[in-house]
Amino acid sequence: ADIGGGKGVLLAELLRSHPQLRGYLVDLVGPARNAARYLDEQGVADRAEVVTANFFEPLPVEADAVVLCDVLGDWDDHDATLILRHCTDATTDQGRVIIVEMLPDPQRMDLFTEMDLRMMIYVGGRMRDLEGTERVAEAAGLSVHDITPLDNGYTIIECLPGP
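A. Highlighting a nonpolar patch on the surface. Side chains of Leu10, Leu14 and Leu21 sit close together on the surface and give an oily, nonpolar patch of about 200 Å² of accessible area. The topology assignment puts Leu10 in helix H1 (residues 9-17).

Take a look at the structure:
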C-alpha cells in the first residue's frame, strides 16, 4: 500500500517491476482521481486499487507492506507519529512499514537546511535526520529493522511493529 502516494508513480513502478504484486494507492480525493488515470496509463490498473482516505484517520486497507515516500517531512513529530501508527495498524501480522525520505547529507547541509526551513514555514513540518526518523517510528510502536541509503540522497527505512 502506497500511503499518500500522489498520482501513483512509485506504485506503478513497483507493479511494473514485480508482476506478481497487487497494490493500493491511498490518498485524498484529488490525488486519488489523478492516480486512477495514471495507473491505467501505466498499464497496471488491473493490479492496483485506488482508495480515497486521509492518513490522519485509520486506513481502510490491509497490506503486507505499507510505504510512505516523501510524506513524513511534511508533518511535525506528533502528526508523523500518528500517520505511522495508522500505517502500522494497516499492516498484516507479518507486515512492515517502509519509510522513504531524503535524509541530510553532510556534504549538502546547505540544501537540507533550506528544505527544513521551507517545510517548517509552509506546512509546519520538518526534515528529519535518521535519528529523528527513528524517534518518530519508535513513538509509533515500530522498530527499525533495516536501513538502505540510496545514491540520490533518499534512504529506505524498513520498520517492523514492536520494540
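B. Looking closely at the layout of surface pockets. By volume, the largest pocket amounts to about 610 Å³. Considering the residues around the largest pocket, the lining is formed by 26 residues, among which Ala1, Leu14, Leu21, Ala65 and Val67 are closest to the centre. If you list the elements that add at least two residues to the lining of the largest pocket, you get H1, strand E2 (23-27), strand E3 (48-52), strand E4 (63-69), strand E5 (91-102) and strand E7 (154-161). A total of five residues in the lining of the largest pocket trace back to one element, the largest contributor, which is E4. Here the lining of the largest pocket is composed, by residue class, of 16 nonpolar, two polar and eight charged.

C. Quick peek at the packing of helix H3 (residues 77-89) against helix H5 (residues 130-139). Where H3 meets H5, the closest approach of the two axes is 8 Å, and the angle between their N-to-C directions is 55°. Looking at the two axes, H3 sits oblique to H5. For the pair H3 and H5, the sense of crossing is right-handed. Here H3 contributes Asp77, Ala80, Thr81, Leu84 and Arg85 to the contact with H5, which in turn contributes Arg135, Val136, Ala137 and Ala139. Along the lines of polarity and charge, the residues of the contact of H3 with H5 split into five nonpolar, one polar and three charged.

D. Focus on the pattern of salt bridges. Per the counting criterion, the structure on display carries three salt bridges. The closest approach of N and O atoms between Glu13 and Arg16, which form a salt bridge, is 2.7 Å. Taken together, the residues Glu13 and Arg16, both in helix H1 and three residues apart, mark about one turn of the helix. According to the relative accessible area criterion, Glu13 is partly exposed, its value standing at 39%. Across the pair Arg96 and Glu158 runs a salt bridge whose closest N-O atoms are separated by 2.0 Å. Of this pair, Arg96 sits in strand E5 while Glu158 sits in strand E7, placing them 62 residues apart in sequence.

E. Seen up close, the packing of aromatic side chains. According to the stated counting rule, one finds three aromatic pairs in the structure shown. Centroid distance Phe55 to Phe56: 5.2 Å. Interplanar angle 70°. Geometry classified as edge-to-face. Residue classification places Phe55 among the buried residues on the basis of a relative accessible area of 14%. What makes Phe56 partly exposed here is its relative accessible area of 25%.

F. Representation of unusual backbone geometry within the structure. Notably, Asp70 is not glycine yet its phi reads approximately 60°, a positive angle. Inspection of the secondary structure puts Asp70 in the loop between E4 and H3. Note on Asp70: relative accessible area 38%, which makes it partly exposed.

G. Quick peek at the pairing of E4. Relative to E5, E4 runs parallel, the two being bridged by six bridges. Along E5, the bridge assignment pairs Leu68 with Ile99. Tracing the backbone out of E4, into H3 and back to the parallel element E5 gives a crossover that is right-handed.

H. A look at the side chain of Asp2. Checked against the element boundaries, Asp2 lands in strand E1 (residues 2-3). Buried within the structure, Asp2 lacks any salt-bridge partner; Arg16 is the closest side chain of opposite charge, at an N-O distance of 12 Å. Residue contacts for Asp2: discarding those within four places in its chain leaves Leu10, Leu11, Tyr24, Leu25, Val26 and Val67.

About the criteria used
Residues numbered from 1 in each chain as written. Predicted model: local features only at pLDDT ≥ 70, side-chain atom pairs only at ≥ 80, totals over all residues. Heavy atoms only, no water. Patch = residues over 30% accessible without salt bridge, like charges linked within 9 Å, V, L, I, M, F, W, Y side chains within 5 Å. Areas by Shrake-Rupley, 256 points an atom, 1.4 Å probe, with all protein chains shown as cover. Salt bridge = Lys/Arg side-chain N within 4 Å of Asp/Glu carboxyl O. Helix = DSSP H or I, 4+ residues; strand = E, 2+ residues; numbered from the N terminus. 1 Å grid on protein atoms, 1.4 Å probe; cavity = no way out; pocket = protein on both sides within 12 Å on 5 of 7 lines; lining within 4 Å. Points joined across faces, edges and corners; volume = space filled by probe spheres on them. Nonpolar A, V, L, I, M, F, W, Y, C, P; charged D, E, K, R; others polar. Axes fitted to C-alpha atoms, helices over the stretch in contact; angles between N-to-C directions. Parallel < 35°, antiparallel > 145°, perpendicular 65-115°, else oblique. Left-handed = near helix turned anticlockwise from the far one by under 90°. Contact = heavy atoms within 4.5 Å. Buried < 20%, exposed > 50% of the residue type's maximum accessible area, 1.4 Å probe, protein only. Phe/Tyr/Trp six-rings, centres within 6.5 Å; stacked < 30°, edge-to-face > 60°. Pairing = 2+ DSSP bridges. Right-handed = clockwise from strand over helix to strand, strands pointing away. Lys, Arg positive; Asp, Glu negative; His and termini not counted.

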